[in-house]
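Listed below are the residues making up each chain.
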Number of protein chains: 2
Amino acid sequence: MDAPELDTFASDPLVQAVTAYVKVYMSNYDASHDWSHILRVVGLARHIYSRSENRADLDLRVIQLAALLHDIGDRKYTTPSSSPSPISSLLLAHGASPALAEEVQTICLSVSYSTEVKDPSHTLSVIAQHPELAVVQDADRLDAIGAIGLGRMFTFGGAKTGRGMDESMEHLDEKLLRLEGMAKTEVGRELMKERTERLRVFKRWWGEETGFAGGGEGSA
Amino acid sequence: MDAPELDTFASDPLVQAVTAYVKVYMSNYDASHDWSHILRVVGLARHIYSRSENRADLDLRVIQLAALLHDIGDRKYTTPSSSPSPISSLLLAHGASPALAEEVQTICLSVSYSTEVKDPSHTLSVIAQHPELAVVQDADRLDAIGAIGLGRMFTFGGAKTGRGMDESMEHLDEKLLRLEGMAKTEVGRELMKERTERLRVFKRWWGEETGFAGGGEGSA
């Protein structure tokens, strides 16, 4: 586990401006997608980066920016009529080069699980060009599983959809238990293995505990 | 674990009417306090009842009614200006005797954890008069811990308060980990022990997983 490296980008105006922007932006989201989520993804992405064998091919600044921005314009919180992803224009407005703005936006738009499921080869081709995607994607998915992932799953269910808890639990089989098999980095895979096992333990507990329901009238 | 005993009160018009009322009433709540919660509490209460040595002193119909009604008028979901608890009048309107209506309402109003913490001797004196309270209270608290309790805790946080997940986790030490020590029945205590251990395991996972945050700028 890394000690916080608060100074790495302390004198980088672009990273500082993006950090301030995202912190305000995420305050409009519920606790399943808040500033703490971003901080954890940034921390996990840097943890994976620092232990990656292909670190020489990775640009930490791109990882930092993509980890910060990966949930901006997330489709779970925007309507189809919303404007296109604002990531590139935001970066350009704060002085990023067109190439950097384009690269970070491309990575952010490819983080999504559903995008990958729809077209896995697209995700792989983006990773071939921008290996930083693998790092940010594994970091984001690590935060979707384990104890934190469970907390986020129920928080999202309560805040956003009004869905029942059993419906939230279906999310385990539909998505969360599949993420380990889609890991792109060695470090990410190792951490996902442990957190996926936690999901399985929790699911077993859940089955045992819900088994007591049904002693009442009208439970049919 | 009991098989559902759907027929116990199948020809009891009062229980049937109350069941129908509660089912509609709970549909206004979020998934942390919904009809599934009531069904689990009813199931747990009947499980505890069926294994209680003092079963001869317990009235299963009172347990069933109190388990069904224990969240009606819950202060988490009502404003201080709301009318007093509607439990007694509801029961009277459906043909309960004044004594039964009064008894079930007394039990329901004494289930609450915060009521007990404020005045533990009051709770004990109600249990001395109405031992069914011990059964319903343990059942309700069992549904507040373990995997289901964790799911309800985060769901409530997302739905109702907009609180952060770390704030939700403080709820473990503030309340959930204390419930086992307040168990009133042997069967309840045994089940609480296992579910409390699950809370501790989850808390350890949470600590490990949140330890990765902080690698970003602005995390101070």
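Residues numbered from 1 in each chain as written. Chains lettered and ligands numbered in written order. Predicted model: local features only at pLDDT ≥ 70, side-chain atom pairs only at ≥ 80, totals over all residues. Heavy atoms only, no water.

This part is about the overall build of chain A. Each helix and strand counted, chain A has 11 helices and zero strands in total. Tracing chain A from N to C terminus, the helices and strands come up as α-α-α-α-α-α-α-α-α-α-α. Here chain A holds 220 residues, and the buried ones make up 55% of them. Contacts spanning at least 24 positions in sequence make up 72% of the contacts within chain A whose residues lie at least 6 apart. Working note: accessible area of chain A is about 9,300 Å², and carbon and sulfur atoms make up 53% of it. (Helix = DSSP H or I, 4+ residues; strand = E, 2+ residues; numbered from the N terminus. Buried < 20%, exposed > 50% of the residue type's maximum accessible area, 1.4 Å probe, protein only. Contact = heavy atoms within 4.5 Å. Areas by Shrake-Rupley, 256 points an atom, 1.4 Å probe, with all protein chains shown as cover.)

Copy one and copy two of the chain differ by a rotation about an axis and a translation along that axis. Superposition record for chain B on chain A: RMSD 0.0 Å, screw rotation 180°, translation along axis 0.0 Å. Viewed as a symmetry operation, the transformation between the two copies matches a two-fold axis. Interface overlap between copies is the fraction of interface residues in one copy that are interface residues in the other; for chain B against chain A it reaches 100%, indicating a shared surface. (Least-squares fit on C-alpha atoms with pLDDT ≥ 70 in both.)

Two numbers describe a pair of packed helices, the interaxial angle and the distance between the axes. All names here are of chain B. At a closest axis distance of 9 Å, the pairing of helix 2 (residues 35-50) and helix 3 (residues 60-69) adopts a crossing angle of 155°. As judged from the angle between their axes, helix 2 and helix 3 are roughly antiparallel. With respect to the hand of their crossing, helix 2 and helix 3 are arranged in right-handed fashion. Mapping the contact onto sequence places Trp 35, Ile 38, Val 41, Val 42, Ala 45, Arg 46 and Tyr 49 in helix 2 and Leu 60, Ile 63, Gln 64, Ala 67 and Leu 68 in helix 3. (Axes fitted to C-alpha atoms, helices over the stretch in contact; angles between N-to-C directions. Parallel < 35°, antiparallel > 145°, perpendicular 65-115°, else oblique. Left-handed = near helix turned anticlockwise from the far one by under 90°.)

Tallied over the full model, the rule gives 14 aromatic pairs over all chains. Centre to centre, the rings of Phe 154 of chain A and Phe 202 of chain A are 6.2 Å apart; their planes meet at 55°, and the pair counts as tilted. Pair noted here: Phe 154 of chain A is in helix 9 (residues 146-161) and Phe 202 of chain A is in helix 11 (residues 186-210), with a separation of 48 residues, a long-range link. Residues Phe 154 of chain A and Phe 202 of chain A agree in their burial class; the two are buried. Three or more aromatic residues joined by ring pairs make a cluster, and in this case those are Phe 154, Phe 202, Trp 205 and Trp 206 of chain A together with Phe 154, Phe 202, Trp 205 and Trp 206 of chain B. Looking at Arg 55 of chain A, its charged tip hangs above the ring of Tyr 49 of chain A, at a distance of 5.9 Å from the centre. (Phe/Tyr/Trp six-rings, centres within 6.5 Å; stacked < 30°, edge-to-face > 60°. Lys NZ or Arg CZ within 6 Å of the ring centre and 35° of its normal.)

All names here are of chain B. With respect to the helices and strands, the residue Asp 140 is situated in helix 8 (residues 132-142). The buried charged residue Asp 140 lacks any salt bridge partner; its closest oppositely charged side chain belongs to Arg 152, at an N-O distance of 5.0 Å. In this view, Asp 140 contacts His 37, Val 41, His 70 and Val 111; residues no more than four positions away in its chain are not counted. (Lys, Arg positive; Asp, Glu negative; His and termini not counted. Salt bridge = Lys/Arg side-chain N within 4 Å of Asp/Glu carboxyl O.)

Looking now at the interface of chain B and chain A. With 55 residues of chain B at the contact, the number on the chain A side is 56 residues. Carbon and sulfur atoms make up 63% of the surface buried where chain B meets chain A, a total of about 4,700 Å² over both sides. Where chain B touches chain A, the interface holds four salt bridges. Taking the shortest distance from any N to any O, the salt bridge between Glu 208 of chain A and Arg 198 of chain B comes out at 2.4 Å. Across the chain B-chain A interface, the total number found is eight residue pairs in polar contact (both at pLDDT 80 or more). Of all the elements in the fold, those that place two or more residues in the side of chain B that touches chain A are helix 1 (13-26), helix 2, helix 9 (146-161) and helix 11 (186-210) of chain B. (Buried area = accessible area lost by both parts, 1.4 Å probe. Polar contact = N/O pair within 3.5 Å; in protein donor to acceptor, adjacent residues only side chain to side chain.)

What follows covers the confidence of the model for chain A. Here chain A averages 90 in pLDDT, while 89% of its residues score no lower than 70. Note that pLDDT drops below 50 for residues 215-220 of chain A; the model gives that stretch 28 contacts with residues more than four away or on any other chain. (pLDDT = per-residue confidence, 0-100.)

As a further point, take the pattern of salt bridges. Counted according to the given criterion, the structure contains 24 salt bridges over all chains. Among the salt bridges present, the one from Arg 198 of chain A reaches Glu 194 of chain A, with a minimum N-O distance of 3.3 Å. Placement of both Arg 198 of chain A and Glu 194 of chain A in helix 11 is noted, with a separation of four residues, approximately one turn of the helix. A salt bridge links Asp 12 of chain B to Arg 61 of chain B, with the nearest nitrogen and oxygen atoms 2.6 Å apart. Within this pair, whereas Asp 12 of chain B is found in the segment before helix 1, its partner Arg 61 of chain B is found in helix 3, the two being separated by 49 residues in sequence. The structure contains a network of salt bridges with shared partners spanning Glu 194 and Arg 198 of chain A together with Arg 204, Glu 208 and Glu 209 of chain B.

It is worth spelling out helix 10 (residues 165-174) of chain B at this point. Along helix 10 of chain B, the residues classified as buried are Met 165, Ser 168, Met 169 and Leu 172 of chain B. Down the axis of helix 10 of chain B, the buried side of the element spans an arc of 100°, and every buried residue falls inside it. Lining the buried residues of helix 10 of chain B we find helix 2 (35-50) and helix 9 of chain A together with helix 9 and helix 11 of chain B. (Arc of directions from axis to C-beta.)

All names here are of chain B. Closest axis-to-axis distance for the helix 2/helix 8 pair is 8 Å, and the angle between their directions is 130°. As the angle between them shows, helix 2 and helix 8 are arranged oblique. The element helix 2 and its partner helix 8 pack so that their crossing is right-handed. Taken together, the residues of helix 8 that come into contact with helix 2 (itself represented by His 37, Val 41, Leu 44, Ala 45, Ile 48 and Tyr 49) are Val 135, Val 136, Asp 138, Ala 139, Asp 140 and Leu 142.

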